[in-house]
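For reference, the chains in residue letters:
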Amino acid sequence: MSNEWEQGTNTPGGLPGPNDIDKRLEELGRALTQGVNEVQQQLRRVVDRASTYWQQSQTVPRPVPPSDTEEQRIRQLVNNWSAGNWRVARDLGTYMDIVAMSRDEVWEITVQTRWEHRALEIVSEPYTGQLPSKPQPLLPVWDYELPEVSDLRPPTTRTRLAGLDELLACTACNGTGHALCTECTGRGWITCPDCRGRTRKRCATCRGRGYVADWAEQKKRPFLQRRVEKLTNALGERVSTVFEGIRQQGLPVPNPLDSDPANKGRTIPCPDCINGEVDCDCVTGKRVCPACQGARSVLCPACNGTGKIVRHREIVRSFELRTRRRFVGTEALPQQQLLKAEGELAYSAEVDENLHPEAPPDGVPLDVWQAAVEEVRTAAAVSGRASAEAVQSSLRPTLQVLELVRIPYIKVDYRYIDRDYTLYIYDGEGHEKFYAASFPPRWDRIERLVRAITSDLATPTQQPQPIGTGEGSQAPRGYRVPVERPPYTISESDEEESL
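What counts and what doesn't
- Residues numbered from 1 in each chain as written.
- Predicted model: local features only at pLDDT ≥ 70, side-chain atom pairs only at ≥ 80, totals over all residues.
- Heavy atoms only, no water.
- Phe/Tyr/Trp six-rings, centres within 6.5 Å; stacked < 30°, edge-to-face > 60°.
- Helix = DSSP H or I, 4+ residues; strand = E, 2+ residues; numbered from the N terminus.
- Buried < 20%, exposed > 50% of the residue type's maximum accessible area, 1.4 Å probe, protein only.
- Contact = heavy atoms within 4.5 Å.
- Polar contact = N/O pair within 3.5 Å; in protein donor to acceptor, adjacent residues only side chain to side chain.
- Patch = residues over 30% accessible without salt bridge, like charges linked within 9 Å, V, L, I, M, F, W, Y side chains within 5 Å.
- Areas by Shrake-Rupley, 256 points an atom, 1.4 Å probe, with all protein chains shown as cover.
- Salt bridge = Lys/Arg side-chain N within 4 Å of Asp/Glu carboxyl O.
- Lys, Arg positive; Asp, Glu negative; His and termini not counted.
- Charge placed at Lys NZ, Arg CZ, Asp CG, Glu CD.
- pLDDT = per-residue confidence, 0-100.
- Core = buried A, V, L, I, M, F, W, Y, C linked by side-chain atoms within 4.5 Å.

Enquirer: I would appreciate a short explanation of the packing of aromatic side chains in the present structure.
Expert: Given two aromatic rings, one states the distance between the centres and the angle between the planes to describe the pair. If you walk through the whole model with that rule in mind, you get six aromatic pairs. The interplanar angle of 55° and the centroid separation of 6.1 Å between the aromatic rings of Y409 and Y424 together place this pair among those described as tilted. Here Y409, found in strand β14 (residues 395–415), pairs with Y424, found in strand β15 (residues 420–426); they are 15 residues apart in sequence, far enough to count as distant. The same class applies to Y409 as to Y424, namely buried. Between the aromatic rings of Y414 and Y421, the centroid separation amounts to 5.6 Å while the plane-to-plane angle is 25°, which identifies the pairing as stacked. In this pair, the class of Y414 matches that of Y421, namely buried. Of the aromatic side chains, those joined through ring pairs into one cluster are W81, F434 and F439.

This is the structure:
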């Protein structure tokens, strides 16, 4: 039985024998070897294709000479655009093949409405001795004739109304013309800032220590050394003064440049102080208030000491500009691009009631003028409704200006490396701007190369049918080889049981 098991394919328990395991391992090794060979062939094929594509992508377009002066100007403008835009192919104007060029224009219609807001404010000023004029009745703010403002964006203005002045007693000082001094709160004196009211202050010679260095024991030093020490001491005194002011405010900050003379040798008592303090020159710890000079009161700032004030009224005028904009012409250029254009101003005037749709100004097409008149009427209707709603807030339109701006543009149809593109050059001469929905990218060669290699990698290759397989064989294609896993697992315990 043992011989049969060694030569057979199955064990007595139904498990595969060693011959079956060796056979399956050989088949798995052949499959892996075949898969590796296929991967190598695929990589070699991709490298060859990449070399071919790279040679093809190195094809440089030939320069196209301009046919006339206008085309030369267009090509120069396109070169300037490609030089300033890193996404556009280099020297596009030199290598592009112009198919067609056409000129056209877009008209920008702008209706600007200036809204004016009026408000009445009461202002008080000191009495100067001039009696007010005869009082006049108070009218609504829009009934007053004020100076004309011609600008569309004027600043806020204030206009004093005549005949509305009133002479009143000053309530801030109760008509006395004097008020308590705010510096000393009516006391006439302030606490001495040098001694803080203690009548004694810190000695400047010893800096409050009460002792100084004994100069008798100090050795004679060279001139330069004495000079350096003098400068160092002067700097230390200034820094010490700053830190002393900080310490007086309650912050215990040490002075890094203030060295104690006791650390350098013998000391003697300070001859200028007693225990580091000297008498303050204020004597009492108080000083006369510098604001009122001890008078305890000052002139009232509201009435300037007269005890009377003049109350008058002012009309405050603020302005707001509202704009309506419309473009008439081609739809090829987006509105965001047209807003950047300066254009050529063809018409600008204040809007009046004498706008006739059938009588356009010189240089303005009829359809553009009719659209402008329609836009003015729409703006007037909106302003009428808004002013009726804003009666309570005193807001009214006071000026309306119509502007017509001509924006010329050139449409250029061109071909670049077997592809067609369209470019728009708009705005006036010297201010040309460019717009294109698509354009030759600067990195087009690298992009085409990567796209081609990616396409080859994504497409599986067609391999010949393996030998020994029939028409119904399901052998996998490409370089990905499935790893076959046996449906069983042999452990050491199973081998011992089978033996």
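Enquirer: Is there a simple way to explain the environment of R415 in this structure?
Expert: In this structure, R415 sits in strand β14. In this structure, the C-alpha to C-alpha distance between R415 and Y95, residues 320 residues apart in sequence, is 9.2 Å. With sequence-adjacent residues up to four places away left out, R415 is seen in contact with M96, D97, V99 and D420. A polar contact is formed between the side chain of R415 and the side chain of D420, at a distance of 3.0 Å.

Enquirer: What am I meant to see in a negative patch on the surface here?
Expert: Taken together, E148, E350, D352 and E353 make up a surface patch of like negative charges. Checked against the element boundaries, E353 lands in the loop between β13 (344–350) and α7 (366–389). Residue E353 is classed as exposed on the basis of its relative accessible area, which comes to 81%.

Enquirer: Would you mind showing me how to read the confidence of the model for the chain here?
Expert: Detailed reading of the predicted model is not advised wherever pLDDT is low. Residue-level pLDDT values for the chain average 79, and 76% of them are 70 or greater. Below a pLDDT of 50 lies the segment residues 1–9, which in the model reaches eleven contacts outside its immediate sequence neighbourhood of four places, other chains included. Taken as a whole, residues 463–499 scores under 50 in pLDDT and shows 26 contacts with residues more than four places along the chain or in a different chain.

Enquirer: Hey, could you run me through the nonpolar core in this one?
Expert: For soluble globular proteins, nonpolar side chains are generally found buried alongside one another. Core analysis: the largest hydrophobic core is formed by 18 residues, its most contacted members being V78, W81, L92, V412, Y414, L423 and I425. Secondary structure elements with two or more residues in this core: α3 (69–84), β14 and β15. A total of four residues in this core trace back to one element, the largest contributor, which is α3. The contact partners of L92, leaving out residues within four places of it in the chain, are V78, N79, W81, S82, Y414, Y416 and P440. Membership of the second largest hydrophobic core comes to 16 residues, among which are A371, A379, L402 and L404.

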